[in-house]
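Next come the chains, spelled out residue by residue.
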Amino acid sequence: MTAEAELLTVPEVMARLKISRSTVYDLIRTRRLASITIGRSRRIPTHALTALVHHHLEEAS
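Attention here is on the structure that accompanies the text. Just so you know, these numbers come straight off a predicted model, no measurement behind them.

From N to C terminus, the protein includes 3 helices and 3 strands. Taken from N to C terminus, the helices and strands of the protein fall in the order β-α-α-β-β-α. Here the C-alpha atoms of the protein give a radius of gyration of 11 Å, agreeing with the 10 Å that 2.2 N^0.38 yields for 61 residues. Each principal axis of the C-alpha distribution contributes one length, and for the protein these read about 40 × 30 × 20 Å. Expressed as a percentage of its 61 residues, the buried residues of the protein come to 21%. Counting only contacts in the protein whose residues sit at least 6 apart along the sequence, the fraction spanning at least 24 positions is 46%. With the model as given, the accessible surface of the protein reaches about 4500 Å², and the carbon-plus-sulfur share is 55%. Side chains of the protein carry 9 positive and 6 negative charges; the gap between the two charge centres is 11 Å.

Now the structure itself:
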């Protein structure tokens, strides 16, 4: 699996962005952060997290 295809858990996203669980799920619910469900587990592709960060950086400039 390449770094592009790596899947992160919600706690991993929380740790990387230093945000709460509810904020991560809010981003997912509002479709600002793409995710997939495998069984009962939610996973976030690293490229989706990168896209979210780039989007916020562009908005800030």
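We are not done yet, so read on.
Along the chain, Leu-8 turns up in strand β1 (residues 7–8). Sequence separation between Leu-8 and Arg-32 is 24 residues; the distance between their C-alpha atoms is 16 Å. Not counting the four nearest positions on each side in its chain, Leu-8 is found in contact with Val-13, Arg-16, Arg-42, Arg-43, Ile-44, Thr-46 and Leu-49.

The rules behind each value
Residues numbered from 1 in each chain as written. Predicted model: local features only at pLDDT ≥ 70, side-chain atom pairs only at ≥ 80, totals over all residues. Heavy atoms only, no water. Helix = DSSP H or I, 4+ residues; strand = E, 2+ residues; numbered from the N terminus. Rg over C-alpha atoms; globule rule 2.2 N^0.38 Å. Buried < 20%, exposed > 50% of the residue type's maximum accessible area, 1.4 Å probe, protein only. Contact = heavy atoms within 4.5 Å. Areas by Shrake-Rupley, 256 points an atom, 1.4 Å probe, with all protein chains shown as cover. Lys, Arg positive; Asp, Glu negative; His and termini not counted. Charge placed at Lys NZ, Arg CZ, Asp CG, Glu CD.

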